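Reading the structure
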Amino acid sequence: MYTASPDRYAEMPYRRTGRSGLKLPALSLGLWHNFGPDRPVETQRAILRRALDLGVTHFDLADNYGPPPGAAESALGAALAADLAPYRDELVISTKAGYLMWPGPYGEWGSRKHLLASLDQSLRRTGLEYVDIFYSHRPDPDTPLEETMGALHTAVQQGKALYVGVSNYSAGQTREAARILAGLGTPLLIHQPRYSMLDRRPEDEGLLDALDELNVGSVVYSPLEQGLLTGRYLKGIPEGSRAAGDSPFLSSEAVTEDLVGRLRALQEIAESRGQSLAQLALAWVLRGGRITSALVGASSARQLEDSVGALRNLDFDAEELKRIDAIVRS
């Protein structure tokens, strides 16, 4: 029988999400890649138990996470039943809908039909009565935004979600989503964009500015850029890595000599700070408190512990930031 560590809240910093009363841990656990039938069940459960012991109280899902789609939600449901059910009220569990889940015209995108049906399926897989945050996973070019946001509002009215968010929306789409939701009486809590030292689009395209203006929180995914910022690629493409396989998220063509040189330069900065490259990347994303939380994946409890180690040094001086920008943007 699992018993959570009595010291689980001793060191993890928690950040208020926008103007809400909800606080999220500075690091959240994403169940994107490592929670499917191709991974040992005990390893998955050990990661989740260790997460709570470290104060990582936010578990992030989507209906299509696995593989196969739905597997990650089922894995969390099993872990809740086996280990974590007594701690449900200490956890923030989020899920999303919008990507392909079943055949036919209602199996994806942002219609009311798809979002609410998908949420019901997610609740069945996890065994939960409600999720804490329900997201529209991507904007739908063919469905009015009023319908998509109305479905999120309905999920809250039905008691199936406590808060709502959007993911992969542009700055303009986020402003409009926030306006519609405010009119319905369900505030936009949070946005989940992709953001890292190597992917500055939320900065460059004005999304972070929009979130600041709207007082909406942010939880960023891929802060380690699909493993590029973990140090695995400092000598090129390692065997067994995503870039060495057929991953749709990181191709071998992306790992150029120029990129490897930049990664090595970033590694030097990390070493000067007493951090791993992954810890540097996480600290950079969380610098200054502008980002509410950074999502990290983990294939082992030890890997999660290394990520949490980044929180020991989130401060950067002006020279460090200048050097990082010179390496990444030159």
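Note that this is a predicted model, so its numbers are computed, not measured.

About the thresholds
Here the residue numbering is sequential within each chain, running from 1 through the sequence in written order. Note on the predicted model: pLDDT of at least 70 is required for a residue's local features to be given, and 80 or more for side-chain atom pairs to be given and counted; whole-chain, interface and lining totals, by contrast, use all residues. Each side-chain value is derived from all of the structure's non-hydrogen atoms; neither hydrogens nor water enter the calculation. Here a strand is any run of E in DSSP of at least two residues, a helix any run of H or I of at least four, and the numbering for each starts at the N terminus. Think of it in three bands: residues with accessible area under 20% of the maximum for their type are buried, residues over 50% are exposed, and the middle band is partly exposed, with areas taken using a 1.4 Å probe on protein chains only. Residue contacts follow a heavy-atom distance rule, with two residues in contact if any of their heavy atoms lie within 4.5 Å. The accessible surface values rely on the Shrake-Rupley method and a 1.4 Å probe; as for residues, cover is taken only from the protein chains in view. Here, any two strands with at least 2 DSSP bridges between them count as paired. Put simply, two rings from Phe, Tyr or Trp (the six-membered ring, in Trp's case) pair if the centres are within 6.5 Å, and we call them stacked under 30 degrees between planes, edge-to-face over 60, tilted for the rest. Comment: the charge-over-ring label is applied if NZ (Lys) or CZ (Arg) is within 6 Å of the ring centre and within 35 degrees of the ring normal. Only the stretch in contact is used when a helix axis is fitted, and all axes are lines through C-alpha atoms; the angle between N-to-C directions ranges over 0 to 180 degrees. In what follows, roughly perpendicular refers to angles from 65 to 115 degrees, roughly parallel to angles under 35, roughly antiparallel to angles over 145, and oblique to any angle outside these ranges. Following the grouping adopted for this structure description, the nonpolar residues are Ala, Val, Leu, Ile, Met, Phe, Trp, Tyr, Cys and Pro, the charged ones are Asp, Glu, Lys and Arg, and the polar ones are all others, Gly among them.

Thoughts on the overall build of the chain
For the chain, the helix and strand inventory stands at 11 helices and 10 strands. Along the three orthogonal principal directions, the C-alpha set of the chain runs to about 50 × 50 × 40 Å. For the chain, the residues scored as buried account for 56% of the 330 residues in total. For the chain, long-range pairs separated by at least 24 residues make up 75% of all intrachain contacts whose partners lie at least 6 apart in sequence. Approximately 14300 Å² of the chain is accessible, and the part contributed by carbon and sulfur atoms is 50%.

As for the pairing of strand S10 (residues 293-296)
Here S10 shows a buried face lined by Ser293 and Leu295 and a second buried face lined by Ala294 and Val296. Where strand S3 (residues 27-30) lies against S10, 3 bridges are found, and the strand directions are parallel. For Leu27, the partnering residue across the bridge sits in S10 and is Ala294. Both strand S9 (residues 217-220) and S10 contribute to a ladder of 2 bridges, which runs parallel.

Side note on the packing of aromatic side chains
The tally for this structure, following the rule as stated, stands at 5 aromatic pairs. Note on Tyr2 and Tyr87: the rings are 5.8 Å apart at their centroids and 65 degrees apart in plane angle, and the pair reads as edge-to-face. Separated by 85 residues along the polypeptide, Tyr2 in the segment before strand S1 (14-16) and Tyr87 in the loop between helix H2 (71-84) and strand S5 (92-97) bring together distant segments of the chain. On the accessibility criterion, Tyr2 (12% relative accessible area) is buried. Members of the aromatic cluster, connected to one another through ring pairs, are Trp32, Tyr65 and Tyr221. A cation over a ring is seen here: Lys96 above Tyr135, with NZ or CZ 5.6 Å from the ring centre.

With respect to the sheet that holds S10
Taken together, 8 strands build a closed barrel; the order of strands is S3-S4-S5-S6-S7-S8-S9-S10 and the barrel is parallel. On average, adjacent strands in this sheet sit at an angle of 30 degrees to one another, irrespective of strand direction. Both S3 and strand S4 (residues 58-60) contribute to a ladder of 2 bridges, which runs parallel. Considered in S4, the bridge of Leu29 is made with Phe59.

Observations concerning the environment of Leu115
On the secondary structure map, Leu115 appears in helix H3 (residues 112-126). The contacts of Leu115, once residues within four sequence positions are left out, are Ala97, Trp109, Gly110, Phe134, Thr148 and Ala151.

With respect to the side chain of Thr95
Following the sequence through the fold, Thr95 ends up in strand S5. Look at Thr95 and you get buried, because its relative accessible area is 1%. Contact partners of Thr95, with chain neighbours within four places excluded, come to Leu61, Ala62, Asp63, Glu73, Leu119, Ser122, Val131, Ile133, Phe134 and Tyr135.

Points about the packing of H2 against H3
At a minimum axis distance of 7 Å, the contact between H2 and H3 shows a crossing angle of 40 degrees. By the criterion of interaxial angle, the relationship of H2 to H3 is oblique. For the pair H2 and H3, the contacting residues are Glu73, Ser74, Gly77 and Leu80 in the first and Ser122, Arg125 and Thr126 in the second. Class assignment for the residues of the contact of H2 with H3 results in 1 nonpolar, 4 polar and 2 charged.

Scope: geometric values only; no functional claims are made or implied.
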